[in-house]
Each structure stands twice: as C-alpha cells, then as structure tokens.
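Coordinates in review
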Amino acid sequence: MAAPRSYDLLERDWIPVREGEKRKKVGLRRLFECAHLLSDIEAAPPPGAAALWRVLTVIAARVTRLDDMAAGSDAWNDRQGDVLAEGRFDPDAIMEYFDRHRDGFDLFDQDRPWLQDPRLWQQCKTSSGVNKLVMFRPAGNNQVWFNHATEASPPPLRTDEAVFHLLIQLYYGPSGQCTPRTAGTASGVNSKAGPLRRTISFHPVGTTVFESLVAGIPQAHHYNHGGPDQAPWETDDLPDPTKPPPRPSGVGGVLTGRFQHALLLQPSPDGEYVTDAWITWAWRDQEFPAEDPYLIYQKNVKEDTYYARYADASRALWRDFDALLMEDTGDSKARRPAVLKSVEDLRGFLLPVLRARAYGFDQDGQTRDKEWTTGITPATLALAAEDGVPYSVSQMRKSAEMMGRRLEDALRGAWSAINDPSNGERKVQRTDIPPGPWPADAAFRYWPQAERLFWERVRTRHFDGVVVAFRQLALGVYDEVTASAAMPRVKRAIELNRVRIYGRKPQQGGQGQGGNTA
C-alpha cells in the first residue's frame with residue numbers, strides 16, 4: 001500500500017449539479033449550503049446517482065433532526081413542514097455535523113477511508129484491480145467488447161468518477177466469487193449481493209435539491225429495528241467481519257448500513273486518480289432483512305412474502321406509475337415506496353410540484369449486468385390524494401398492457417399461420433416456428449404511442465373509454481407492421497388473426513370475424 005493521500009469529499013468538487021442553466025461540480029459542504037439554490041443533481045451513471053441520493057438523505061436527516069425514531073408520524077410531519085418552511089438547510093447545523101465527522105469524509109484517509117476498509121490490503125493476498133471496480137469494464141478473462149481496458153494495462157480512473165463506482169459496488173455489487181479475504185478467524189472467497197442489486201428506485205423530485213432531499217427523507221420511526229442508527233462515516237470503530245452484521249435501524253442504518261461488500265481504493269501519488277482496488281466480502285453471516293423506502297415491494301403469492309420489484313430495461317417508467325400512487329396494485333399486490341406514501345402529507349405548496357425519478361439497474365442475481373435506466377414522471381404525485389384517480393390510472397395501465405399483449409399475440413399468430421402448412425385453416429402442424437420480426441417492430445411502435453396516450457389521459461383526467469382507445473392504437477400498429485404483405489395467402493393470415501386484438505381466437509376455415517369484446 002502506497003503512502004496515504006487525501007481527497008476531502010466535503011471540500012473537493014466531485015458532485016455534478018445544475019443551478020438553473022448552469023452546470024458545475026461541488027463538494028458535500030457546498031451542496032448542502034446551496035441546496036435551496038440548486039435545481040438538481042446530475043450524477044451518473046444512474047446506479048451511482050441512486051446510491052448518492054441515499055447517502056445525501058442520511059446527511060439531510062441528521063442536519064434537519066428528521067432522524068428521530070421516537071417521533072411518531074404526526075410529530076415527524078410537523079417537523080418536516082417546519083424544515084420546508086425554513087426554505088434551506090440550517091448553516092449552523094451543516095457546520096456542526098460536518099465538523100463532527102470531518103475525519104470520516106476523506107476518501108483516502110489512512111485509518112478510516114470513506115466507506116472503505118483499510119485492512120483489505122493486508123487481509124487479501126491480491127488486489128481485485130481497477131477494472132473490477134468499474135462494472136462496464138472487462139475484468140479477468142472476460143472478453144473485450146464495448147470498453148478496451150485490459151488487465152494487462154488498466155487505465156486509472158479519475159477520483160471524482162471512482163467515488164460513484166465505489167457506491168455502485170457497495171449498493172449493486174454481485175454475489176458469488178470475489179477476491180479472497182482472511183480476517184481473523186473468518187475467511188472466504190465469495191460474497192453476497194449488494195442491497196439494491198437488480199432493483200429500481202423511485203425518489204421524489206422537487207424544484208430544488210433542498211426540496212428533493214427533505215421530501216425524500218423516510219419517517220424514521222418505521223425503521224426502529226433495535227440496532228444502531230449509524231452511517232459508516234459516523235462510527236468510531238471499523239466493523240468486525242467475524243461477527244454478525246449489525247441490525248440496520250433508523251435512516252442511517254437502513255440506507256447505508258446494509259453493504260455486503262468491503263472495498264479499498266488505491267490512489268495515485270497525487271490523489272487525482274484511482275489505480276487499483278480491493279473488492280471482497282464484508283460479512284460471513286446472514287444479514288438482517290430490512291425494506292428500503294425507495295423500492296416497490298410486490299408479493300410472492302406462493303411463499304406469502306414480499307420482495308423488491310426488479311428493474312427491467314424493456315419496461316418504461318409509466319408502467320410502474322400506478323404503483324407509485326396506491327397500494328395493492330396489479331396481480332403482484334405491489335406496495336408503493338414508503339417514502340412516496342409519506343409525501344401525501346405534503347399537501348401544501350410542495351406536493352403539486354413533486355415528480356418521481358426512477359433509477360434502475362437491470363441485472364441478474366449474481367454477476368451479469370445488463371443495462372441501467374433512468375426516467376422521471378411529470379409533476380403528478382398529487383394524484384395520489386385525488387379520490388378515485390389512482391384506481392383509474394391503474395386500470396388504464398392494465399388496459400394498455402392488455403392491448404400490448406394482444407397485439408403481440410396477433411402478430412405471432414399471423415406469422416405462425418404464414419409459415420405453417422395449415423395456413424391457419426386447421427390445427428397448427430409445426431411447433432418450432434419463431435415469433436418472426438413483426439412483434440419487435442410492433443413493440444417499437446406501440447409502447448411510445450401508448451405512453452403518450454397514457455400521460456395525455458392522466459393530464460386531462462380523461463379515463464373513459466380507455467380500452468377502446470388502446471385497442472384502436474393496437475389495430476393501427478397491426479396494420480402498419482403488416483402493410484408490406486402482398487401475397488393473398490399472407491393477407492388472409494393477417495386478417496384471420498386480427499381478431500386476437502379483440503380478445504378472440506381466429507376461427508379455422510377462414511370464417512373468423514372481428515368483434516366488440518374488450
């Protein structure tokens with residue numbers, strides 16, 4: 001391990017922010033001092049942004065005293081209202097908090113590097129490499145596809161970028177084999193997945209960073225699980241990996257106390273780059289469960305348990321919008337994020353302007369990282385307080401998805417009939433016919449139009465006739481996708497399968513007709 005270097009996260013400019021039309025970077029201290037002037041945080045990649053918002057939320061809860069687990073809902077709501085009425089974070093509270101924990105915010109501190117374990121260079125026989133730190137870089141024997149960093153010559157990573165990759169590994173890191181570590185009597189070569197792996201997060205967004213942070217603080221009394229309410233930079237001692245992990249409690253414990261990986265970054269001599277990294281397991285014992293306040297939880301009917309909704313890069317944000325407004329939505333009995341349930345109490349000036357931003361990371365449960373996504377809703381979270389509107393929104397989403405499925409089914413049926421000797425006149429003889437190109441083309445056309453129709457109906461509160469509206473959209477896309485068909489046999493198969501969009505099956509023998517069933 002090289003001689004220690006310093007990178008003060010309080011003072012160094014590393015967080016991308018926007019102030020009106022101006023873009024710049026600020027440190028943690030400046031961010032909280034000017035949060036009421038900043039329009040937004042523009043951190044990337046999206047998983048790093050989701051992680052950063054959780055870190056900032058813990059700090060915001062501390063400086064506003066909204067971290068009191070003894071305060072009930074009414075008292076907590078009153079305090080939140082008082083904070084919002086002040087219009088900014090208290091400068092004295094910011095100074096007191098950061099001065100008290102100043103030593104905990106140095107990324108390369110020799111004894112307590114921020115969110116890292118300085119013992120790893122001794123407890124691990126080898127490092128993991130800087131390529132392993134960056135999830136989209138190839139590492140080890142993996143093939144080089146989209147990034148040409150190699151194990152033979154790994155390019156260093158700028159420190160202001162490395163902070164976000166540190167966060168991504170802690171929150172979204174893989175399960176399975178990792179760099180071996182021996183810590184006292186505990187040793188292992190595998191780790192458990194990070195607490196947010198393969199999930200999608202939803203965060204309230206106001207008109208300023210101050211509003212976004214205060215609206216995003218969860219009610220602390222819901223997370224009084226009997227353990228310590230501490231963030232890693234607030235503790236006096238390093239964690240003991242030979243013991244069970246602490247039970248996550250309070251805002252600090254739930255949002256920053258559930259990491260399953262231990263990391264250590266190696267800086268360049270000037271501290272401006274990261275040149276190496278250690279990534280390994282943090283605990284050998286099973287962690288205590290805790291629900292994250294920014295996730296949708298849905299029911300596993302067979303086991304009668306709830307699990308966090310997985311991120312799906314092919315699924316647009318608006319298709320989860322009803323699950324942000326109401327409980328028990330859809331067949332999965334989804335529960336909306338706890339923090340969005342709390343914002344209903346902000347019925348004053350803030351609720352009408354609140355939006356919801358999503359950060360998703362489409363991954364499997366182990367090592368495969370597919371795609372990360374982000375999106376933001378219009379200022380419509382206030383719909384949750386309008387009688388009957390959340391239910392109507394949910395029914396409209398179901399109608400759109402039903403017609404999307406029927407459209408795909410109709411095109412698959414038509415393609416199958418064209419490529420089967422029966423031509424749809426009798427029972428299908430082949431079972432190996434692929435879907436063909438039409439369903440993908442139709443999805444490309446249908447879902448963006450369905451989204452525009454959805455938001456237009458939401459904006460105007462026009463929820464009548466939504467089934468017919470989405471069916472007409474599906475029929476139009478069906479005609480567009482199949483418009484190039486010229487042979488009579490192909491046209492016949494297309495017309496026979498059109499009835500599937502109405503929820504009916506084609507009649508064999510060529511007599512199938514459309515109907516008005518929903």
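Residues numbered from 1 in each chain as written. Predicted model: local features only at pLDDT ≥ 70, side-chain atom pairs only at ≥ 80, totals over all residues. Heavy atoms only, no water.

1. Some points on the environment of Leu-351
With respect to the element layout, Leu-351 can be found in the loop between helix H11 (338-342) and strand S12 (355-363). Overall, the relative accessible area of 5% leaves Leu-351 in the buried class. Ignoring any residue separated from it by four or fewer positions in sequence, one finds Leu-351 in contact with Val-343, Glu-344, Leu-346, Leu-381 and Ala-382. (Helix = DSSP H or I, 4+ residues; strand = E, 2+ residues; numbered from the N terminus. Buried < 20%, exposed > 50% of the residue type's maximum accessible area, 1.4 Å probe, protein only. Contact = heavy atoms within 4.5 Å.)

2. What to know about the state of the cysteines
The bond known as a disulfide is covalent and runs between the sulfur atoms of two cysteines. A full pass over the atoms with the stated rule returns zero disulfides. Between Cys-124, a free cysteine, and Cys-178, which holds the nearest cysteine sulfur, the sulfur-to-sulfur gap is 7.9 Å. Cys-124 sits in the buried class, given a relative accessible area of 4%. (Disulfide = S-S within 2.5 Å.)

3. What to know about the sheet that holds strand S7 (residues 200-205)
One open sheet holds the three strands; their spatial order is S7-S12-S13, and the pairing between them is antiparallel. Two strands in the sheet have a free side with no partner beyond their single neighbour: S7 and strand S13 (369-376). The average undirected angle you get between the axes of adjacent strands in this sheet is 10°. For S12 and S13, the ladder comprises seven bridges, and the chain directions are antiparallel. Across the sheet, the residue bridging to Phe-361 is Trp-372, located in S13. Seen against the sheet, helix H2 (residues 46-64) touches S7, S12 and S13 and runs at an angle of roughly 125° to S12. (Pairing = 2+ DSSP bridges. Axes fitted to C-alpha atoms, helices over the stretch in contact; angles between N-to-C directions.)

4. Considerations on the nonpolar core
Leu-31 and Trp-114 are the most contacted members of the largest nonpolar core, which has 139 residues in total. Setting aside residues up to four positions removed in sequence, Trp-114 forms contacts with Leu-9, Val-55, Gly-104, Phe-105, Asp-106, Leu-107, Val-163, Leu-166, Leu-167 and Trp-233. In terms of nonpolar packing, the next biggest core, distinct from the first, is built from seven residues, Leu-120, Ala-262, Leu-264 and Ala-282 among them. (Core = buried A, V, L, I, M, F, W, Y, C linked by side-chain atoms within 4.5 Å.)

5. A word on empty space enclosed by the protein
Counted under the stated rule, the structure contains two cavities of 30 Å³ or more. For the largest cavity, the calculated volume is near 50 Å³. For the largest cavity, the full set of lining residues is Arg-54, Tyr-171, Pro-195, Leu-196, Val-254, Leu-255, Thr-256, Gly-257, Arg-258, Phe-259 and Asp-292. Broken down by element, the lining of the largest cavity gets its largest block of residues, three residues, from helix H9 (residues 250-256). (1 Å grid on protein atoms, 1.4 Å probe; cavity = no way out; pocket = protein on both sides within 12 Å on 5 of 7 lines; lining within 4 Å. Points joined across faces, edges and corners; volume = space filled by probe spheres on them.)

6. Digging into the side chain of Ser-175
Within the secondary structure, Ser-175 is located in the loop between helix H7 (159-172) and strand S5 (176-183). Setting aside residues no more than four positions away along its own chain, Ser-175 makes contact with Ser-191, Lys-192, Ala-193, Gly-365, Gln-366 and Thr-367.

7. A short note on the pattern of salt bridges
Enumeration according to the criterion identifies 38 salt bridges in this entry. One salt bridge connects Arg-158 with Glu-161, and the closest N-O pair in it is separated by 4.0 Å. Residue Arg-158 is classed as partly exposed on the basis of its relative accessible area, which comes to 37%. Taking relative accessible area as the criterion, Glu-161 reaches 34% and is therefore assigned partly exposed. Of the charged contacts, one joins Lys-243 and Asp-240 as a salt bridge, the two residues approaching to 4.0 Å between their closest N and O atoms. (Salt bridge = Lys/Arg side-chain N within 4 Å of Asp/Glu carboxyl O.)

8. Notes on the environment of Val-83
By the secondary structure assignment, Val-83 is in helix H3 (residues 73-86). Owing to a relative accessible area of 2%, Val-83 belongs among the buried residues under this scheme. C-alpha separation for the pair Val-83 and Phe-361, spaced 278 residues apart in sequence, amounts to 33 Å. For Val-83, the residues in contact, after removing those within four places along its chain, are Thr-64, Leu-66, Phe-210 and Val-214.

9. Here we look at the layout of surface pockets
Looking at the second largest pocket, its volume works out to about 880 Å³. Lining the second largest pocket are 41 residues; nearest its centre among them are Arg-112, Pro-232, Thr-235, Asp-237 and Pro-239. Mapped onto the lining of the second largest pocket, the elements with two or more residues apiece are helix H4 (91-100), H9 and strand S8 (261-267). Per-element accounting of the lining of the second largest pocket gives the leading share, three residues, to S8. Tallied by class, residues from the lining of the second largest pocket come to 18 nonpolar, nine polar and 14 charged. (Nonpolar A, V, L, I, M, F, W, Y, C, P; charged D, E, K, R; others polar.)

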